[in-house]
Structure formats: structure tokens, C-alpha cells
Amino acid sequence: MRIRSFLLGAVCMFGLGTMMVSCSDDDNNGLDDGGSKVELPDSRVYILNEGSQAANNAGISLYDPENGDMIDDIFYRQNDSRLGDTGQSMIRYNGSIYVAVYGSNYIAKLNAACVQEKRTSFISDPDLQGGVRYIAAEDGYIYASFYGGIVAKIDAATLEVKAKLKGLGANLEGMTICDDNLYVANSYEIVFNPATSKNDYVYKKEVKVVDLKNFSLKETLTVVQNPNKLVEEDDNVFLISWDYSDESYVLQRIEPKNNNKVSKIGYATDMAAGDDVIYLVDSRTDWSTRTTTNTFCYYDIKAGSLVSTSFLKDAPAELTSKSIYMMSVDDESGDIYIGTTIWANGNGTMYRFTKDGRFVEKFDCGGQNPKAAVFFN
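Overview of the structure. All values derive from a computational prediction rather than experimental measurement. Along each chain, numbering runs from 1 in the same order as the chain's sequence is written. Residues qualify for local features only when their pLDDT is at least 70, as the model is predicted, and side-chain atom pairs are given and counted only at 80 or more; totals for whole chains, interfaces and linings, by contrast, use all residues. Processing note: side-chain calculations cover all non-hydrogen atoms of the structure and skip hydrogens and water entirely.

Attention now goes to the side chain of Thr341. Where helices and strands are cited, they refer to DSSP runs of H or I of at least four residues and of E of at least two residues respectively, numbered from the N terminus. The topology assignment puts Thr341 in strand 28 (residues 336-341). Between buried and exposed lies partly exposed: a residue is buried under 20% and exposed over 50% of the maximum accessible area for its type, with that area taken using a 1.4 Å probe on protein chains only. Judged by relative accessible area, which is 4%, Thr341 ranks as buried. Only 2.7 Å separates the side chain of Thr341 from the backbone nitrogen of Trp343, close enough to count as a polar contact. Looking at Thr341, its side chain comes within polar contact range of the side chain of Asn369, at 2.4 Å. By definition in these notes, contact holds between two residues if any of their heavy atoms fall within 4.5 Å. Once residues lying within four places of it in the same chain are set aside, the contact partners of Thr341 are Ser323, Tyr325, Gly348 and Asn369. Counted as a polar contact is a pair of N or O atoms within 3.5 Å, where, for protein atoms, one must be capable of donating a hydrogen and the other of accepting one, and residues adjacent in sequence contribute only when both atoms are in side chains.

Written out as C-alpha cells, the structure reads:
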């Protein structure tokens, strides 16, 4: 299905036309659309486009799953400013959107219309200058991982940094929350090698478990080296380590209710969670021909088994060889979104499937390197 781009909706004016308000304020959709300059659908998928490093071209696009309409870079249209350098992480929490921008090193709070309400920059903070990576939310706080081995506890309403937990490693990456514990990947550090006069990457084998009740380190788990992405589903934590030693991306399960037991499940380069299922893709590239082959499968949490059958029933043929950059699941509808990239050579493409794996449509992401998605229904 060909995606239709829609233009800015009619701008609603109040009084003498000096104040703009949302055209959908009267829709009673329960969303905070204050300050919107465009007419917005009730159902929304916001897509974070990472952009290219140091190019200041990160952005957020809006897709309407009901009508297949699209607004490219809704963030710019609503705020008259660019998102910045390297969009890293985006979540929905308490009806708001929180986005972490790594290169520009800040976190912003946006309302449901993608209008910025708060922004906190970490550039001048000597502890947090390494750059913000991933974010998670619990009990009124945003938790953010940083290069430099620090997790910051941030008030979700004001974006004020309330506490910092230091000494968790070198470069922290993905994080997720389960049972009042924050699981954080300690990924790697760069060490100067005097023998070669070059920097070496030293990969870590740690997931840090932080007790959120007292914001302290509870324990350190040993995992496959270079842990990166973490998701929670059905009171379990799933982890992908980028183990470059044998060019494998290792999928692991952490069981919080079983003393945080760590088990290897299989191989996957990306994953998304939804309704007791972990959707997986394992991408392998033959560098002699630069040909990528994607294998889709899923992990049934209730059964505790990896199912080799693809969760996609009628995927377009090109998806078997595209460079997949993200996967995400709409918790409400169960729809599965798979974002692909052509790196710095153009915009990414999103493929949408129903919960049972039927192909719905594909569309231009409106920016480079789709990184994350959040959903409003």
C-alpha cells in the first residue's frame, strides 16, 4: 500500500490569532495536545529517527495507523527546532514522550502532540558528559544510562537530576526494569595500548542490577561479552550481547524470580516484546558478497521455548535481505513494526504487520535510521 503524506491541518486560532491551540482539543481523546500546530489523529505512532552522527538530523515522525497518513519530522513542525545529533532512545510514560539524544546529550519531555515541555542538557555536567544512552521509567522517575558508567535518576515531571549512581562500569548501554530492579548493560571500555599506541576495545561481561527502592547496586550478573539491548516481558528480562569474537549476537534470558539465573537461548540481532512473546530477527551478512540474510523466529515465554518458525506470514520478499535497525510492538493492537535502514544514503522504511504476522503496509520513516517507536491509541 502506498503511504499518503498529509499536509498540516488547519491551524486553530484563538482571539486575535496570537495563540495557537490543537485542532483536536475538542476530540476528548484523553491526550494532552496542548500547543499543537497541526491537526492530529487519535491513533499515533511516533518514530524516532536516529539520523547520522554529527549531522544534526535526528527527528521524530508521526504515522497514523488508522488511515496510513504520515507527517515527516513532526518534532520540527511542532517546535520550530531540530531534535539534534543522534536520537538514541524514546519511551512513553504517563501519557508523555521522553526522548534521549546522545550526540546533543539531553533528555526532553514531550506531550502527546510531540510539543516539547521540558528539556535537560547534560553538556555542562562533568559527571554526565560521556553522553546519555538509554532511558526507562518507574514510579515518577526517568532512569538514564550514560557513557562513563553512571545511571541518573531524574524527576519525570521536572527533568531535574535527583541522584547519580556512579561506578557501574565504563560505557553503559541498554536498560530495563523488572520487579523494582533496574537491569543495565555494562558494554565496553576503550583502553590505550602502549604496545601499539592505539586504543583497544575491551568488552565487558556484566549486567548491573540496581535496587530502585534505595537506588544502589544490588548485584552484578555475568553474561556474554558486550551486552547491549535489554527488554522485559512477563517478569523476565531478555538480553542480546554483541559478541564480536565469533560474530554472533547472543540472546539470553535472565530470570529475576530464579535468583537472576542467566541462560543462553540462541542468536538474535534484534528483538521486541509483546504479549508473552519475544519477536526475534537474526541478521547474517556475507561480507564477501555484502549480502544480508534475515531469519525471523520467536521465543514463547510461557512454554520456555525458542520457535524456529517465522512470526511473519506474508512478508515482502525484500525484507529477507534488508538491514533491520529496529523492531517494536504496539501493546494495544499487537501490531509489529520493523524498521530498516540504508544508513546515510536515505530515509529508512517501516514494515507493519498485524499480531498474527499479516503484512499491512510499508512506508517511508521520514528520516534516517529508525531507532524506536511509541504508540498512542
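This is not the end of the story, as more comes after the structure.
Before going further, it helps to spend a moment on the sheet that holds strand 22 (residues 261-267). The strand order across the open sheet formed by four strands is 19-20-21-22, and the pairing between neighbours is antiparallel. Strand pairing shows two members of the sheet lacking a second neighbour, strand 19 (227-233) and strand 22, which therefore form its edges. The average angle at which neighbouring strand axes cross in this sheet is 25 degrees, direction not considered. Here a strand pair is declared whenever DSSP counts at least two bridges between the two strands. Bridge count between strand 19 and strand 20 (residues 236-243): six bridges; the pairing is antiparallel. When the sheet's bridge partners are listed, Pro227 is paired in strand 20 with Ser241. Axis geometry follows a simple rule: fit a line to the C-alpha atoms, using only the stretch in contact for helices, then measure angles between N-to-C directions, giving values from 0 to 180 degrees.

Let us now look at the sheet that holds strand 12 (residues 141-146). Within the open sheet, the four strands sit side by side as 11-12-13-14. Their pairing is antiparallel. With one partner strand each, in any of the chains shown, strand 11 (132-138) and strand 14 (161-165) form the two edges of the open sheet. Averaged over all pairs of adjacent strands, the angle between their axes in this sheet comes to 20 degrees, without regard to strand direction.

This brings us to the pairing of strand 15 (residues 171-178). The buried fraction of strand 15 is high, at eight of eight residues. With six bridges joining them, strand 15 and strand 16 (residues 181-193) adopt antiparallel strand pairing. Within strand 16, the position partnered with Leu172 by the bridge is Asn186. Taken together, strand 15 and the strand that follows it, strand 16, pair antiparallel across an intervening segment of two residues, in which Asp179 is found at a positive phi of about 55 degrees.

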